[in-house]
Amino acid sequence: MPLLTRKGGVLYRHLSIIGHFAHIGLMLLALVGGANAHASVSTIETTVYGDNPWSFSGFSLATVDMQNYNQGGTGFFAYNYATINYTVADRKHFAFRIPFTYRSPGFDDMDPTVSKSQELLIDDLIVDYTDASNLLPFDIEVFSRIRYEAPTSKYSKAQNTLGSLRLDFIFSKHIVKHFDIEYWPILRWNMHTQTTYTNPDTNSLSHTKRYELNERLNFWYVPNGTIAVGGFIGTEDTWFNSSKVNLTARERDGRLAEHFLKIGPALRYNYNRHLSFLVNVANLVPMWGFNDKRAGKLSDLGKFKAEQTEFILLTFVNF
């Protein structure tokens, strides 16, 4: 099918793909046989329940870009937070999270010819509510979380944002012995007071993000409670605010929506009930909304080209 060039056409085609993707995921979950529900494989940010409703946990997401690694400018970016949890019922809790980011010295992700120095910053403070107790027909387990991110970071302040609301769901299903499937959508609504801002890194004019949607289907082989091996396929999408005042290249070229397709293998390892790891190798292909230098093709999916590949390590700690 040829790529539609009108903005409305691109959006219509993309939403059709999203709709089919979600429909296929939920149909697969519903049609596989009836087995006993259990915890989602991907939901390994757990809370230690006991007589004391208060508990503490931590999380780290670290990424390395393959292209920078190949060119000798290896650097990594880590998004981390420490969490205070308050349990209100079985598998339901509120959380207050204090995030911070660390960027090591290395090449810039957008321009490998530019070197960046290390940076340690406080990120947007988070308050959220998690409910992992719901069960749909056909023994489909539902993990859900609603989150508000306060505008406390360097970049949120630069954008004069009012914060963002994020919804997470994981619909998980045990298919047959040792095999699980999950559908995992994440939706974010960014609340802004302006449509453009001056990027503090590049000192250039950028559009603020309005909506973000991240979807994936996870397939897992789970031989025991310690390790799981699988893969995923999904999309990452961003819609930007338009500006009636500032005619940027993005606005002029009709690139107010960016769409990625992604695929890759995954590995989960539970060291013990307090420490878990999740490793992904993501082939992230930019499809629509990019300039010619960054745009990819559908045929690139699964080739793991250096400029389209990231190594991702998620670490979960609770005590």
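Up top is the structure.
Below: a short report on this structure. (Residues numbered from 1 in each chain as written. Predicted model: local features only at pLDDT ≥ 70, side-chain atom pairs only at ≥ 80, totals over all residues. Heavy atoms only, no water.)

Note that soluble globular proteins tend to have their nonpolar side chains buried in a common cluster. If you look at the biggest cluster of nonpolar residues, it comprises 15 residues, and the most contacted ones within it are Phe59, Trp220 and Leu314. Elements with a contribution of two residues or more to this core: strand E2 (76-89), strand E14 (227-240), strand E16 (275-288) and strand E17 (309-318). Per-element accounting of this core gives the leading share, 3 residues, to E17. If near-sequence neighbours (up to four positions away) are discounted, Phe59 is found in contact with Tyr79, Asn80, Tyr81, Leu314, Thr315 and Phe316. (Core = buried A, V, L, I, M, F, W, Y, C linked by side-chain atoms within 4.5 Å. Buried < 20%, exposed > 50% of the residue type's maximum accessible area, 1.4 Å probe, protein only. Helix = DSSP H or I, 4+ residues; strand = E, 2+ residues; numbered from the N terminus. Contact = heavy atoms within 4.5 Å.)

With that settled, the discussion passes to the packing of aromatic side chains. The geometry of an aromatic ring pair comes down to the distance between the two centres and the angle between the two planes. Taken as a whole and judged by the stated rule, the model has 11 aromatic pairs. Considering the side-chain rings of Phe76 and Tyr102, the 5.7 Å spacing of their centres and the 50° angle between planes classify their relative orientation as tilted. Of this pair, Phe76 sits in strand E2 while Tyr102 sits in strand E3 (residues 92-103), and the two are 26 residues apart along the sequence. You can call Tyr102 partly exposed: its relative accessible area is 23%. Put simply, the rings of Phe59, Tyr79, Tyr81 and Phe316 touch in pairs and so form one group of aromatic residues. (Phe/Tyr/Trp six-rings, centres within 6.5 Å; stacked < 30°, edge-to-face > 60°.)

Bringing a nonpolar patch on the surface into the picture now. A surface patch of nonpolar side chains, amounting to about 980 Å² of accessible area, comprises Trp54, Phe56, Ile84, Tyr86, Val88, Phe94, Phe96, Ile98, Val127, Val317 and Phe319. Contributing elements (two or more residues each) for the nonpolar patch: strand E1 (54-65), E2 and E3. If you trace the backbone, Val317 turns up in strand E17. (Patch = residues over 30% accessible without salt bridge, like charges linked within 9 Å, V, L, I, M, F, W, Y side chains within 5 Å. Areas by Shrake-Rupley, 256 points an atom, 1.4 Å probe, with all protein chains shown as cover. Salt bridge = Lys/Arg side-chain N within 4 Å of Asp/Glu carboxyl O.)

This brings us to the pattern of salt bridges. Tallying each qualifying case throughout the model produces 11 salt bridges. For Asp128, the salt bridge goes to Arg97, with nearest N and O atoms at 2.5 Å. Taken together, the residues span a long stretch of sequence, with Asp128 in strand E7 (residues 126-136) and Arg97 in strand E3 at a distance of 31 residues. No difference in accessibility class separates Asp128 from Arg97, as the two residues are buried. The closest approach of N and O atoms between Asp253 and Arg255, which form a salt bridge, is 3.8 Å. Within the structure, one salt-bridge network assembled from shared partners comprises Arg97, Asp128 and Arg147.

Take unusual backbone geometry next. At Phe138, a position not held by glycine, the phi torsion is positive, near 65°. The phi torsion at Phe304 lies on the positive side, around 55°, for a residue other than glycine. Tracing the sequence through the fold places Phe304 in the loop between E16 and E17.

Moving on: the environment of Gly302. Positionally, Gly302 belongs in the loop between E16 and E17. The class of Gly302 is partly exposed, set by a relative accessible area of 38%. When the C-alpha positions of Gly302 and Lys262 are compared, they lie 8.3 Å apart, and in sequence the two are 40 residues distant. Those residues within four positions of Gly302 in sequence are excluded, and the remaining contacts are Ile263 and Asn283.

Tracing the sequence through the fold places Asn270 in strand E15 (residues 257-272). Of note is the side chain of Asn270, whose polar atom sits 3.0 Å from the backbone oxygen of Gly225. One polar contact links Asn270 to Ser276, side chain to side chain, over a distance of 2.9 Å. (Polar contact = N/O pair within 3.5 Å; in protein donor to acceptor, adjacent residues only side chain to side chain.)

Attention now goes to the side chain of Ser243. Within the secondary structure, Ser243 is located in the loop between E14 and helix H4 (249-252). For Ser243, the contacting residues outside a window of four places in its chain are Thr195, Thr196, His207 and Glu251.

Another point: the environment of Phe260. Tracing the chain through its elements places Phe260 in strand E15. Beyond its immediate sequence surroundings of up to four residues, Phe260 is in contact with Gly234, Thr235, Glu236, Asp237, Leu284, Val285, Pro286, Met287, Phe290 and Arg294.

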